[in-house]
Amino acid sequence: MHDLRYIRENPETFDAELGRRGAKAVSARILEIDAARRAAQTAFQEMQERRNTLSREIGKVKKEGGDADALMTEVLGLKEGISGEEASEREHSAALQAILQELPNVAAADVPDGQSEDDNVEVRAVGEKPQIGGEAKEHFELGEALGQMDFDAGAKLSGARFVVLKGGLARMERAIANFMLDTHTEEFGYTEIVPPALVRNETLYGTGQLPKFADDLFHTDNGYWLIPTAEVPLTNLVSDDILREDDLPLRFTAWTPCFRSEAGAAGKDTRGMIRQHQFSKVELVSVTHPDRSDEELERMTNCAEEVLKRLGLAYRVMMLCTGDMGFGARKTYDLEVWLPGQNRYREISSCSNCWDFQGRRMRAKFRPNGGKGTEFVHTLNGSGLAVGRTMIAIIENYQNPDGTIRVPDVLRSYMGGLEKISPMVG
């Protein structure tokens, strides 16, 4: 959500900022509706004051035995006028809300202009790509040959874009998540949360998924939504709150299932686990002071990178262009891990600073130390990492010529000392 005062004071700048995100200029329409709303508000308040004044006069006239009929007639007229102005104010407020809630966040000044992922900018590349003996296979070839990645069983149970993991790969998914959670909580200061996977409309509205992206979500028949990411419940932990400045920053992490309908992904990544309707992810969320959100984005990105480094996976950091950023993001870094089977980098994490965009939608504020009033918090979110995609990267980068998968050193203690995943027996 955007600051109306900023739009009033900087309409041309606001339109230019929206233009960078591919949105049309709307400040003139916003200011027109806002002016009508404020006029109705003023008229309503003036009529109320006049009615209160008349009510006192009526009491005085009656007390003195005079005729108050004319004053009472005016009060009746004011009552109708007040009702009309109240309705007008509600109508214009709703129209204003309808426009503002559909507008994306504006991009930070250092975000590159662009239309698609082709215009993203590489910030750094880290690690050495592995030398695979022979032709590198993709994760689904290796997983199916191991007998531990069953897409047919997933389809039988639920349809396309589902998978059943078994044996060593099932255990590896759990090991990856536990390794990530331990790293983020014990070393990086995140508080582990177990949030609900079902949320209400207003929760998704607060982080910007609703109303614009309803088609990308799964909805139950009794009014709940399945979370597309733990960002949704974690960020909304502070919705409608007024925090103390000393409470900031708040840092949360959670390992949850995530659910996405992939409505716009027809024909993309139809084989394998890259794009599933259900997947698990370790999410990072920060709630910060506005003056420190930029440095928090760098910190969060480094936390996610550290997981990749310890797993020995080559990756690169990309700054997303204006046309490839998410709806609520002001600045985003994508981490892309190297997949030998695909011979390309693929996204494994997005870390975004949303500034006060979500804070306004959630009405989440803090009270500055020694100051008057309140300010909106800044929020950030990032994958720390996507667990399924991390497993894909491990399978492809640690594959052996015989089809077995070496277990990275940092995961072995989470897998009972297992050093290699071999085909299931029986």
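One can find the structure itself at the top, above this paragraph.
First, a word on what this report is: a plain description of the structure on this page. (Residues numbered from 1 in each chain as written. Predicted model: local features only at pLDDT ≥ 70, side-chain atom pairs only at ≥ 80, totals over all residues. Heavy atoms only, no water.)

Where helix H2 (residues 11-20) meets helix H3 (residues 27-63), the closest approach of the two axes is 9 Å, and the angle between their N-to-C directions is 130°. By the angle between their directions, the pair H2 and H3 is classed as oblique. Residue-level inspection shows Pro 11, Phe 14 and Asp 15 of H2 in contact with H3, the latter providing Ser 27, Ile 30 and Leu 31. Here the residues of the contact of H2 with H3 sort into 4 nonpolar, 1 polar and 1 charged. (Axes fitted to C-alpha atoms, helices over the stretch in contact; angles between N-to-C directions. Helix = DSSP H or I, 4+ residues; strand = E, 2+ residues; numbered from the N terminus. Parallel < 35°, antiparallel > 145°, perpendicular 65-115°, else oblique. Contact = heavy atoms within 4.5 Å. Nonpolar A, V, L, I, M, F, W, Y, C, P; charged D, E, K, R; others polar.)

For the rest of this paragraph, the subject is the pairing of strand S10 (residues 315-319). Counting buried positions over the 5 residues of S10 gives 4, a clear majority of the element. In this sheet, S10 lies alongside strand S1 (residues 121-126) in antiparallel orientation, the contact comprising 5 bridges. Of the residues in S10, the one forming a bridge with Val 126 is Tyr 315. Bridging between S10 and strand S11 (residues 331-339) involves 5 bridges; their strand directions are antiparallel. For Val 317, the partnering residue across the bridge sits in S11 and is Leu 335. (Buried < 20%, exposed > 50% of the residue type's maximum accessible area, 1.4 Å probe, protein only. Pairing = 2+ DSSP bridges.)

Burial of strand S8 (residues 250-259) is extensive: 7 of the 10 residues sit out of reach of the surface. Where strand S4 (residues 191-192) and S8 come together, 2 bridges link them in parallel fashion. Counted as the bridge partner of Thr 191 is Phe 252 from S8.

Below, the discussion takes up the pattern of salt bridges. Taken as a whole, this structure holds 23 salt bridges when the rule is applied. The shortest N-O distance in the salt bridge between Asp 34 and Arg 37 comes to 2.7 Å. Note that Asp 34 and Arg 37 are positioned in helix H3 at a spacing of 3 residues, about one turn of the helix. With respect to burial, Asp 34 and Arg 37 carry one shared label: buried. Within the structure, one salt-bridge network assembled from shared partners comprises Arg 8, Asp 34, Arg 37 and Arg 38. (Salt bridge = Lys/Arg side-chain N within 4 Å of Asp/Glu carboxyl O.)

This paragraph deals with the layout of surface pockets. Space inside the second largest pocket adds up to approximately 260 Å³. Around the second largest pocket sit 13 residues that line it, and Asp 3, Tyr 6, Val 106, Arg 330 and Asp 356 are the ones nearest its centre. Those elements that provide at least two residues to the lining of the second largest pocket are H2 and helix H11 (357-362). A per-class count over the lining of the second largest pocket returns 6 nonpolar, 2 polar and 5 charged. (1 Å grid on protein atoms, 1.4 Å probe; cavity = no way out; pocket = protein on both sides within 12 Å on 5 of 7 lines; lining within 4 Å. Points joined across faces, edges and corners; volume = space filled by probe spheres on them.)

Now for the packing of aromatic side chains. Applying the stated rule across the entire model yields 4 aromatic pairs. Centre to centre, the rings of Trp 338 and Tyr 345 are 5.1 Å apart; their planes meet at 70°, and the pair counts as edge-to-face. A single burial state applies to Trp 338 and to Tyr 345, both of which are buried. Every member of this aromatic cluster is reached through a ring pair, and the members are Phe 213, Phe 327 and Phe 357. Just above the ring of Trp 355 sits the side chain of Arg 330; from NZ or CZ to the centre is 3.6 Å. Above the ring of Tyr 205, the side-chain terminus of Arg 361 is found at 4.2 Å from the ring centroid. (Phe/Tyr/Trp six-rings, centres within 6.5 Å; stacked < 30°, edge-to-face > 60°. Lys NZ or Arg CZ within 6 Å of the ring centre and 35° of its normal.)

Below, the discussion takes up the sheet that holds S4. Spatial ordering of the open sheet is given by S1-S10-S11-S12-S15-S9-S8-S4, a layout of 8 strands whose pairing is mixed. Whereas interior strands pair on both sides, the edge strands pair on one side only; in this sheet they are S1 and S4. Strands in contact with helix H7 (residues 167-186) are S4, S8, strand S9 (278-288) and strand S15 (378-386); relative to S8, the strand with the most contacts, it is inclined by about 165°. Across the sheet, helix H10 (residues 293-310) lies against S1, S8, S9, S10, S11, strand S12 (344-353) and S15, angled at about 5° from S15, the strand it touches most.

Next up on the list: H2. Within H2 the residues assigned to the buried category are Phe 14, Asp 15 and Leu 18. Mapping the buried residues of H2 onto a view down its axis gives an arc of 100°, with all of them on the same face. Looking at the buried positions of H2, the neighbouring elements they touch are helix H1 (4-9) and H3. In the segment just after H2, Gly 22 is the residue with positive phi, at about 80°. (Arc of directions from axis to C-beta.)

So, on to the sheet that holds strand S14 (residues 375-376). On the basis of which strands lie adjacent, the open sheet formed by 3 strands has the order S7-S13-S14 and mixed pairing. Two strands close off the open sheet at either side, each with one partner strand: strand S7 (242-244) and S14. One ladder, built from 2 bridges, connects strand S13 (residues 365-367) with S14; its direction is antiparallel. Counterpart to Phe 366 in the pairing with S14 is Glu 375.

Let us look at the state of the cysteines. Counted under the stated rule, the structure contains 0 disulfides. In this model Cys 258 remains outside any disulfide bridge; the closest cysteine sulfur is found in Cys 351, 14 Å from its own. Left without a disulfide partner, Cys 354 is nearest to the cysteine sulfur of Cys 351, which lies 11 Å away. (Disulfide = S-S within 2.5 Å.)

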